[in-house]
Amino acid sequence: MTAHAARHPADFELVRLTSGGLTLTDAQGRQHVGVVPVRAFPIAAPDEGVSLLGADGHELVWLDRLDTLPPTQRSLLEEELALRDFVPEITALKSVSSFGTPSTWRVDTDRGETSFVLKGEEDIRRLGRQALLIAAGHGVHFSVKDLGALDRASRRLLERFL
């Protein structure tokens, strides 16, 4: 964190511009246009550890927890973070083109049916005992929050890659 970064919610004010971006006014009254919130742990602890970065990429504010913010500021940050954190949850595996990689996966997600290419088995990361994060092409990540919640056929397909 920089020496000038605010530590407490009372140290800044956050507003959305009509253009859609966020502006932060710090305790000294300086305005920072184009503020970008970034989660430190987007999967494991999405409401903890959020950094507000200025347009130059330097940290302006570090928030230990989102629930310490006033409702208006928290709502603004949650809206902005939702735009940045697109991680569809896989609810079922329909098919895989082959059990080697690269392979094309057809899946159902909480956002609808889609397909993606799994380049290598190393693109599947375990997050604890029951959760996975799968990196697909074009920078999109998919999550499996609970392996046990998947149907038997989906688990069988996944086991070939784990």
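Residues numbered from 1 in each chain as written. Predicted model: local features only at pLDDT ≥ 70, side-chain atom pairs only at ≥ 80, totals over all residues. Heavy atoms only, no water.

### Section: the layout of surface pockets
At step 1: In this structure, the largest pocket occupies an estimated 580 Å³ of space.
At step 2: Lining the largest pocket are 23 residues, and of these P42, I43, D85, F86 and V87 sit closest to its centre.
At step 3: Elements represented by at least two residues in the lining of the largest pocket include exactly α1 (71-84), β9 (124-127), β10 (131-135) and β11 (141-144).
At step 4: Tallied by class, the residues present in the lining of the largest pocket amount to 12 nonpolar, three polar and eight charged. (1 Å grid on protein atoms, 1.4 Å probe; cavity = no way out; pocket = protein on both sides within 12 Å on 5 of 7 lines; lining within 4 Å. Points joined across faces, edges and corners; volume = space filled by probe spheres on them. Helix = DSSP H or I, 4+ residues; strand = E, 2+ residues; numbered from the N terminus. Nonpolar A, V, L, I, M, F, W, Y, C, P; charged D, E, K, R; others polar.)

### Section: the side chain of T109
At step 1: Tracing the chain through its elements places T109 in strand β7 (residues 103-109).
At step 2: When its relative accessible area of 10% is taken as the criterion, T109 is described as buried.
At step 3: One polar contact links the side chain of T109 to the main-chain amide nitrogen of R111, over a distance of 2.9 Å.
At step 4: Side-chain polar atoms of T109 contact the backbone oxygen of G112, separated by 2.8 Å. (Buried < 20%, exposed > 50% of the residue type's maximum accessible area, 1.4 Å probe, protein only. Polar contact = N/O pair within 3.5 Å; in protein donor to acceptor, adjacent residues only side chain to side chain.)

### A look at α1
At step 1: The first and last C-alpha atoms of α1 sit 20 Å apart over 14 residues, in line with the 20 Å expected at 1.5 Å per residue.
At step 2: Buried residues of α1: Q73, L76, L77, E80 and L81, and no others. All buried residues of α1 fall inside an arc of 125° around its axis, so they share one side. Every exposed residue of α1 that faces more than 90 degrees away from the buried side is listed here: P71, T72 and A82.
At step 3: Residues of α1 that are buried make contact with β1 (12-16), β2 (22-26), β3 (31-39), β4 (48-53) and β5 (59-65). (Expected span 1.5 Å × (residues − 1). Arc of directions from axis to C-beta. Contact = heavy atoms within 4.5 Å.)

### Concerning the environment of W62
At step 1: By secondary structure assignment, the location of W62 is in strand β5.
At step 2: On the basis of relative accessible area, W62 is assigned to the partly exposed category, the value being 27%.
At step 3: Remark: the alpha-carbon pair of W62 and S115, spanning 53 residues in sequence, is separated by 37 Å.
At step 4: Here D64 takes part through its side chain, which lies 2.8 Å from a polar atom of the side chain of W62.

### Considerations on the pattern of salt bridges
At step 1: If you walk through the whole model with that rule in mind, you get 10 salt bridges.
At step 2: With its nearest N and O atoms 4.0 Å apart, the salt bridge here joins D47 to R39.
At step 3: Overall, the relative accessible area of 34% leaves D47 in the partly exposed class.
At step 4: Its relative accessible area of 17% is what places R39 among the buried residues.
At step 5: Between K145 and E89 there is a salt bridge, with its nearest N and O atoms 3.9 Å apart. Taken together, the residues K145 in the loop between β11 and α2 (152-159) and E89 in the loop between α1 and β6 (90-96) connect sequence positions 56 residues apart.
At step 6: Judged by its relative accessible area of 58%, K145 is exposed.
At step 7: Each of R16, E79 and E80 takes part in salt bridges that share partners, so that together they form one network. (Salt bridge = Lys/Arg side-chain N within 4 Å of Asp/Glu carboxyl O.)

### A few points about the sheet that holds β3
At step 1: Pairing is antiparallel across the open sheet formed by five strands, whose spatial order is β1-β2-β3-β4-β5. Edge positions in the sheet fall to β1 and β5, since each of these pairs with one other strand and no more. Strand-to-strand, the axes of this sheet are offset by a mean angle of 35°, without reference to chain direction.
At step 2: Sheet strands touched by α1: β1, β2, β3, β4 and β5. Its angle to β1, the strand with the most contacts, is close to 55°. (Pairing = 2+ DSSP bridges. Axes fitted to C-alpha atoms, helices over the stretch in contact; angles between N-to-C directions.)

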